[in-house]
Amino acid sequence: MSTALAVGLSLVVLVLGVLVAGLLRSHAEILKALHDLGAGLELDRTGDGPVPLTLTGVVPPRTQGSATPDSLVGSTLDGEQVAVSLQGGPVLLAFLSSGCTTCQAFWSAFRTGHPDVPAQARLVVVVRDLAEESESELRERRPATVPLLASTAGWDALGVPGSPYFALVQGGRVLGEGSGASWAQVVTLLGQAHADARLHEAS
């Protein structure tokens, strides 16, 4: 009886081991497929690995609207040095990259006329310095009506983890920031962040 029980238990353990191994392999294949489809915040080849994309919305403002630099300084694709002020009216900074698969939907949205922007903010696309980007790809994708600034210092100043990433800034404060699955989602959620900030100021 005990021998039969031992054999039976051994078979159960063997079957469970095979099932667990199959599940782990299946899970790894699913994660790889999602990564290949772009379901992740791409860190522009920094070697740090992907950061999960926030599909549910934009992350809350840092500590009730953290301070920003007075301006972001960088260059245009034509080599002109410019500074974007962050101290006045609302500015929506769109941190994109030429090599980011997930960014393609946003590049396309910005190329179709004048994109709808929350809080009537000024939209500025910010990429990393041209030495870290494909300039030919940027020239092909840059929007006609949205300024593009190359500024790695701007990414560092706002602690941008990767692309695509968005930060709504007004009066030197970050009102809302994060990533989304589409431009329409970013517009809705950052619009809510702006409305919440106005209610907080009025109270």
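Below you will find a few notes about this structure. (Residues numbered from 1 in each chain as written. Predicted model: local features only at pLDDT ≥ 70, side-chain atom pairs only at ≥ 80, totals over all residues. Heavy atoms only, no water.)

**Examining the side chain of threonine 76**
Applicable threshold: Secondary structure is summarised from DSSP: a helix means a run of H or I of at least four residues, a strand means a run of E of at least two, and numbering begins at the N terminus for each. In this analysis, two residues are considered to be in contact whenever any of their non-hydrogen atoms come within 4.5 Å of each other.
Along the chain, threonine 76 turns up in the loop between strand E1 (71–75) and strand E2 (81–85). Among all residues touching threonine 76, those that are not within four sequence positions of it are Val82, Leu130 and Leu148.

**Concerning the packing of aromatic side chains**
Condition: Pairing of aromatic side chains requires ring centres within 6.5 Å, counting the rings of Phe and Tyr and the six-membered ring of Trp. Pairs whose planes differ by under 30 degrees are stacked, by over 60 edge-to-face, and all others tilted. Categorising residues by exposure relies on relative accessible area from a 1.4 Å probe, with only protein chains included: less than 20% of the type maximum marks a residue as buried, more than 50% marks it as exposed, and the intermediate range marks it as partly exposed. Here, a charge over a ring is recorded when the distance from Lys NZ or Arg CZ to the ring centre is within 6 Å and its angle to the ring normal is within 35 degrees.
Scanning the entire structure with this criterion turns up 4 aromatic pairs. Their ring planes at 45 degrees and their centres at 6.0 Å tell us that phenylalanine 166 and tryptophan 183 sit as a pair that is tilted. Of this pair, phenylalanine 166 sits in strand E6 (residues 165–170) while tryptophan 183 sits in helix H5 (residues 183–202), and the two are 17 residues apart along the sequence. In this structure phenylalanine 166 comes out as buried when scored by relative accessible area, which is 0%. Judged by its relative accessible area of 11%, tryptophan 183 falls in the buried class. What links up through ring pairs into an aromatic cluster is the set Phe106, Phe110, Phe166 and Trp183. Taking the ring centre of tryptophan 155 as reference, the NZ or CZ of arginine 128 above it sits at 5.2 Å.

**Focus on the nonpolar core**
What counts here: The set of buried Ala, Val, Leu, Ile, Met, Phe, Trp, Tyr and Cys residues whose side-chain atoms join them within 4.5 Å is what this entry labels a nonpolar core.
Counting residues in hydrophobic clusters, the biggest one holds 27 residues, and the most contacted among them are Leu92, Trp107, Phe110, Leu123, Val125, Phe166 and Trp183. The element best represented in this core is H5, accounting for 5 residues. Leu93, Val126, Ala167 and Val169 belong to the second largest nonpolar core, which has 16 residues in total.

So, to be careful, I would describe these as geometric facts and stop short of saying anything about function.
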